[in-house]
Amino acid sequence: MTPQSVLVLIKPDGLQKAVAGEVISLFSAGDLKLVGLKLVQVPLKLARAHYGHLRGQTFFAEIVDYLMGKLHGNNPVVAMVYTGPDAIAKCRRIAGATNPEAADPKSVRGKFGRVTTKGVFENLVHVSSDVKEARREIKLWFRKSELLA
Ligand code: TYD
């Protein structure tokens, strides 16, 4: 199987809930190589670019605020890149379904996520959806020099 790279973000609710360590442990079960890791205080431009494909959605403004930490005490994001065989599917399985209420209870989102009374999915992590998105997102979040070969 050809190796893939994938962007994984622990969003500001993960830092506010102080579960970043547990989340990283859960991703370690994927048997993948961690090649990049940093804390990012997300600016508006980056948040809007990250969710650019969802610009038309009713929840767009909310998820931009969410990624910037505005809903969670201005906390930053832990940005990571994992590589290895089937990395995207493995990380998406560990993350669980987009809606935390529908997510496997043992997944990151099932364990730590919630749906707010306003209906926003506070699902704690982002994982690239496919190879093309992963390439775009990794370029957006990391310089080449910040990633291990
Ligand atoms: P999306 O990229 O579709 O999901 P995923 O993160 O699982 O790839 O959606 C981006 C984020 O938007 C998602 O993590 C949570 C939020 N969201 C909502 O708040 N409500 C919704 O109905 C959907 C589809 C997403």
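Quantities reported herein were computed from a predicted structural model and do not represent experimental measurements.

Procedures and definitions
Residues numbered from 1 in each chain as written. Predicted model: local features only at pLDDT ≥ 70, side-chain atom pairs only at ≥ 80, totals over all residues. Heavy atoms only, no water. Helix = DSSP H or I, 4+ residues; strand = E, 2+ residues; numbered from the N terminus. Polar contact = N/O pair within 3.5 Å; in protein donor to acceptor, adjacent residues only side chain to side chain. Contact = heavy atoms within 4.5 Å. Near = heavy atom within 4 Å. Areas by Shrake-Rupley, 256 points an atom, 1.4 Å probe, with all protein chains shown as cover. Nonpolar A, V, L, I, M, F, W, Y, C, P; charged D, E, K, R; others polar. Pairing = 2+ DSSP bridges. Axes fitted to C-alpha atoms, helices over the stretch in contact; angles between N-to-C directions. Buried < 20%, exposed > 50% of the residue type's maximum accessible area, 1.4 Å probe, protein only. Salt bridge = Lys/Arg side-chain N within 4 Å of Asp/Glu carboxyl O.

Q: What is the right way to read the side chain of Glu-133 from this model?
A: Residue placement: Glu-133 occurs in helix H7 (residues 131-141). At a separation of 3.0 Å, a polar atom in the side chain of Glu-133 contacts the side chain of Arg-136. Excluding anything up to four places from it in sequence, Glu-133 contacts His-53 and Ser-128.

Q: What exactly am I supposed to notice about the site of the ligand here?
A: Taken together, Lys-11, Tyr-51, Leu-54, Phe-59, Ile-63, Arg-92, Thr-98, Arg-109, Phe-121 and Asn-123 make up all the residues around the ligand. Between an oxygen atom of the ligand and a side-chain N or O atom of Thr-98, the distance comes to 2.6 Å. For the ligand, whose accessible area on its own is 510 Å², the fraction buried by protein is 78%. Partitioning the shell around the ligand into residue classes produces 5 nonpolar, 2 polar and 3 charged.

Q: Any chance you could explain the sheet that holds strand S2 (residues 33-40) here in plain terms?
A: Across the sheet, which stays open at both edges, the 4 strands sit in the order S2-S3-S1-S6 with antiparallel pairing between neighbours. Each edge of the sheet is formed by a strand with only one pairing partner; in this case those strands are S2 and strand S6 (125-127). Neighbouring strand axes in the sheet, compared pairwise and without regard to direction, differ in orientation by 15 degrees on average. Pairing of strand S1 (residues 3-10) with strand S3 (residues 77-85), which is carried by 8 bridges, proceeds in the antiparallel orientation. Across the sheet, Val-6 pairs through a bridge with Tyr-82, a residue of S3. Across the sheet, helix H2 (residues 20-28) touches S1, S2, S3 and S6, and the angle it forms with S1 is around 165 degrees. Across the sheet, helix H5 (residues 87-95) lies against S1, S3 and S6, angled at about 30 degrees from S1, the strand it touches most.

Q: I keep staring at unusual backbone geometry and nothing clicks. Help me out?
A: Outside of glycine, negative phi angles account for most residues, and trans bonds account for most peptide bonds. Positive phi outside glycine occurs at Asn-74, with the angle close to 55 degrees. By secondary structure assignment, the location of Asn-74 is in the loop between helix H4 (60-68) and S3. Even without being a glycine, Leu-124 presents a positive backbone phi close to 70 degrees. Position of Leu-124 among the secondary structure elements: in the loop between strand S5 (121-122) and S6. Classification of Leu-124 by relative accessible area gives buried; the value is 0%.

Q: Just to check I follow, could you spell out the pattern of salt bridges for this structure?
A: Close approach of charged atoms allows side chains with opposite charge to pair. A complete count under the given rule lists 5 salt bridges for this structure. Linking Lys-118 and Glu-62 is a salt bridge whose minimum nitrogen-to-oxygen distance equals 3.7 Å. Of this pair, Lys-118 sits in the loop between strand S4 (114-115) and S5 while Glu-62 is found in helix H4, placing the two residues 56 residues apart along the sequence. A relative accessible area of 27% means that Glu-62 is categorised as partly exposed.

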